[in-house]
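# Breakdown of the fold
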Amino acid sequence: MRHPTCPGAYLYCMEIINGNSTAKIIKDEIAQEVQSMIRSRLRQPHLAAILVGSDGGSETYVAYKIKDCKEVGFRSTLVRLDEDVTETSLLEKIGELNQDPDVDGFIVQLPLPDHINEQNVITAIDPCKDVDGFHPVNVGKTVIGLPSFISATPYGIIELLKRYNIETSGKNCVIVGRSNIVGRPLSILMSQKSINATVTVAHSRTKDLKKVCSEADILIAALGSPEFIKADMVKEGAVVIDVGTTRVPSTETKSGFRLKGDVKFDEVAPKCSYITPVPGGVGPMTRVSLLSNTMIAVKKKC
Ligand code: NAP
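Residues numbered from 1 in each chain as written. Predicted model: local features only at pLDDT ≥ 70, side-chain atom pairs only at ≥ 80, totals over all residues. Heavy atoms only, no water.

## Thoughts on the overall build of the protein
Counted only if it meets this: A run of DSSP states H or I qualifies as a helix once it reaches four residues; a run of E qualifies as a strand once it reaches two. Both are numbered from the N-terminal end. The size measure is the radius of gyration over C-alpha atoms, and the globule rule it meets is 2.2 Å times the number of residues to the 0.38 power. Exposure classes here rest on a 1.4 Å probe applied to the protein chains alone. A residue is buried below 20% of its type maximum, exposed above 50%, and partly exposed in between. Should any heavy atoms of two residues lie within 4.5 Å, those residues are considered in contact. Positive residues here are Lys and Arg, negative ones are Asp and Glu, while His and the chain termini are left out of the count. Where a charge lies is defined by one atom per residue type, namely NZ (Lys), CZ (Arg), CG (Asp) and CD (Glu).
A count of helical and extended segments in the protein gives 10 helices and 11 strands. In terms of overall size, the protein behaves like a compact globule, its C-alpha atoms giving a radius of gyration of 20 Å where 302 residues would be expected to give roughly 19 Å. Looking at the protein as a whole, 45% of its 302 residues qualify as buried. Within the protein, residue pairs in contact and separated by at least 24 positions form 69% of the contacts whose partners lie at least 6 positions apart. The protein carries 36 positive and 35 negative side-chain charges, and their two centres are separated by 5 Å.

Have a look at this one:
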């Protein structure tokens with residue numbers, strides 16, 4: 001709604017959702033729990049990661065995961081395998097971690113080299129240690145609302161909505177993107193009885209996407225196309241969650257690139273009630289959710 005005397009302004013009080021500070025709060029909660037476990041003479045939670053090859057992006061993500069573990073007092077183990085490791089050898093390593101009573105949970109950093117079948121790898125992980133939540137058993141449990149490991153990005157988004165007390169019940173939620181790690185699991189979670197949104201999943205074949213998006217009370221953009229969502233696709237007062245992170249070249253940063261979200265932030269933000277920035281919105285919540293899943297594994301709750 002436009003302001004009656006100031007046509008350029010909206011009546012909504014827009015709040016930028018701070019993923020960094022929310023993730024920090026959750027990290028502190030986990031760190032306190034770990035301290036209390038150690039005081040009770042229980043062993044440290046232990047997260048392991050398998051990294052195949054030395055892809056730059058994967059190296060960075062795994063380094064972040066190890067740093068996050070250190071910050072909350074987890075033990076971490078990085079298993080490095082050569083780029084040309086056979087699928088059989090990788091599956092053997094997974095079997096070892098499945099059997100290792102000292103490892104609470106582990107991940108295999110994706111993507112994997114082309115000669116390895118990703119699905120064979122995911123299904124080889126013990127579902128009770130599958131802290132990435134990619135195993136079909138965990139996906140299936142999520143669908144029917146049983147306790148499960150939920151993949152980190154959807155988990156983080158749900159946690160953000162909860163911690164900001166954002167009303168979801170009866171709201172129209174449009175998710176743009178239907179990937180197995182973001183859009184699809186998120187659509188299942190948003191429609192669950194505890195959340196009660198009415199969910200539409202849009203994708204590259206969706207007709208009149210602008211109309212579909214502009215009917216959303218909660219719009220979640222997870223398509224990987226920088227600044228795709230413009231102001232004329234967003235309803236006034238909507239909650240906008242931007243999952244997209246695309247590296248675009250930049251002369252202003254040391255690295256030579258910067259991260260862009262799927263939402264044209266400057267023009268969309270003034271129309272929203274809440275919006276996540278990129279960076280500093282969903283990203284930090286994804287990172288902390290892996291730690292939360294590891295705590296669930298420690299407690300054998302899945
Ligand atoms: P993905 O596997 O490439 O899936 C993209 C989805 O978007 C597909 O379902 C695709 O439709 C849909 N799509 C693409 N272009 C579209 C268009 N023009 N209109 C409508 N739908 C369109 O991507 P993803 O792994 O889900 O990741 C999405 C984005 O989120 C990426 O930028 C990724 O880097 C980012 N991400 C961020 C985090 C984080 O922590 N912040 C975590 C994970 C991913 P079809 O199915 O029809 O092809």
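## So, the site of the ligand
Threshold: By convention in this text, a residue qualifies as near a molecule or strand provided that one of its non-hydrogen atoms is within 4 Å of it. A 3.5 Å cut-off defines polar contacts: any pair of N or O atoms within that distance qualifies, except that in protein one atom must be a possible hydrogen donor and the other a possible acceptor, and neighbouring residues in sequence count only when both atoms are side-chain atoms. Here, Shrake-Rupley sampling with a 1.4 Å probe gives the accessible areas, and only protein chains in the shown set may cover a residue. Asp, Glu, Lys and Arg are counted as charged, while Ala, Val, Leu, Ile, Met, Phe, Trp, Tyr, Cys and Pro are counted as nonpolar; the rest, among them Gly, fall into the polar class.
With respect to spatial proximity, 21 residues lie near the ligand, and among them Arg-178, Ser-179, Ser-204, Thr-245 and Thr-286 are the closest. Measuring from a nitrogen atom of the ligand, one finds a backbone N or O atom of Val-243 at 3.4 Å. Against a free-state accessible area of 930 Å², the protein chains account for coverage of 68% of the ligand. Looking at which element gives the most residues to the shell around the ligand, the answer is helix α10 (residues 282-298), with three residues. For the shell around the ligand, a count of residues per class yields nine nonpolar, 11 polar and one charged.

## Things to note about the side chain of Ser-292
Position of Ser-292 among the secondary structure elements: in helix α10. The class of Ser-292 is buried, set by a relative accessible area of 12%. When residues no more than four places from it in sequence are discounted, the contact partners of Ser-292 are Ile-26, Ile-30 and Tyr-155.

## Brief notes about the nonpolar core
To keep things clear, this is the line we draw: We call a set of buried residues a nonpolar core when its members are Ala, Val, Leu, Ile, Met, Phe, Trp, Tyr or Cys and they connect through side-chain atoms within 4.5 Å of each other.
Grouped together as the largest cluster of nonpolar side chains are 43 residues, with contacts concentrated most on Ile-30, Phe-74, Ile-157, Met-190, Ile-220, Ile-241 and Val-243. Here this core takes eight residues from α10, the largest share from any one element. Core analysis: the second largest hydrophobic core is formed by 19 residues, Val-176, Ala-221, Met-233 and Ala-269 among them.

## Examining a nonpolar patch on the surface
Put simply, the test is: Each patch is built from salt-bridge-free residues with over 30% relative accessible area, joining like charges within 9 Å and nonpolar side chains (Val, Leu, Ile, Met, Phe, Trp, Tyr) within 5 Å. Whenever Lys or Arg places a side-chain nitrogen within 4 Å of a carboxyl oxygen from Asp or Glu, that contact is recorded as a salt bridge.
A grouping of Val-139, Val-143, Ile-144 and Leu-146 is seen on the molecular surface, where their side chains present a nonpolar patch of about 360 Å² in accessible area. Along the chain, the position of Ile-144 falls in the loop between α5 (136-143) and α6 (152-163). Overall, the relative accessible area of 63% leaves Ile-144 in the exposed class.

## As for the layout of surface pockets
To keep things clear, this is the line we draw: Cavity means a closed set of points on a 1 Å grid over the protein atoms alone, one where a 1.4 Å probe fits but cannot get out, pocket means an open set with protein on both sides within 12 Å along at least 5 of 7 lines, and lining means a residue has an atom within 4 Å of a point. Grid points are joined across faces, edges and corners, and a volume is the space filled by probe spheres set on the points.
Of the volumes computed, that of the largest pocket is approximately 1500 Å³. Forming the boundary of the largest pocket are 48 residues, of which Tyr-61, Thr-153, Thr-245, Gly-283 and Thr-286 lie nearest the centre. Elements that contribute at least two residues to the lining of the largest pocket include exactly α1 (19-39), α2 (56-72), β4 (105-108), α6, β10 (257-260) and α10. Here the lining of the largest pocket is composed, by residue class, of 23 nonpolar, 15 polar and 10 charged. In this structure, the second largest pocket spans a volume of roughly 360 Å³. At the level of secondary structure, the elements contributing two or more residues to the lining of the second largest pocket comprise α4 (118-124), α5 and α7 (183-190).

## A closer look at the packing of α1 against α2
Put simply, the rule reads: Inter-axis angles, ranging from 0 to 180 degrees, are taken between N-to-C directions of lines fitted to C-alpha atoms, where helices are fitted over the stretch in contact. Geometric relationships in this document are graded by angle, where less than 35 degrees denotes roughly parallel, more than 145 denotes roughly antiparallel, 65 to 115 denotes roughly perpendicular, and other angles denote oblique.
Between α1 and α2, whose axes approach to 8 Å, the crossing angle comes to 55°. As summarised for this structure, α1 and α2 are arranged oblique, according to the angle between their axes. Here Lys-27, Ile-30, Ala-31 and Val-34 of α1 lie close against α2, whose contacting residues are Asp-68, Glu-71 and Val-72. Here the contact of α1 with α2 is composed, by residue class, of four nonpolar, no polar and three charged.

## Focus on the sheet that holds β4
Stated precisely, the cut-off is as follows: Note on pairing: two strands pair once DSSP finds at least 2 bridges between them.
With parallel pairing, three strands are arranged side by side in an open sheet as β3-β2-β4. Two strands in the sheet have a free side with no partner beyond their single neighbour: β3 (75-81) and β4. The average undirected angle you get between the axes of adjacent strands in this sheet is 15°. By the bridge criterion, four bridges tie strand β2 (residues 46-52) to β4 in an arrangement that is parallel. Paired with Ala-48 across the two strands is Phe-106, which belongs to β4. Along the sheet, α2 contacts β2, β3 and β4; its crossing angle with β3, the most-contacted strand, is approximately 160°.

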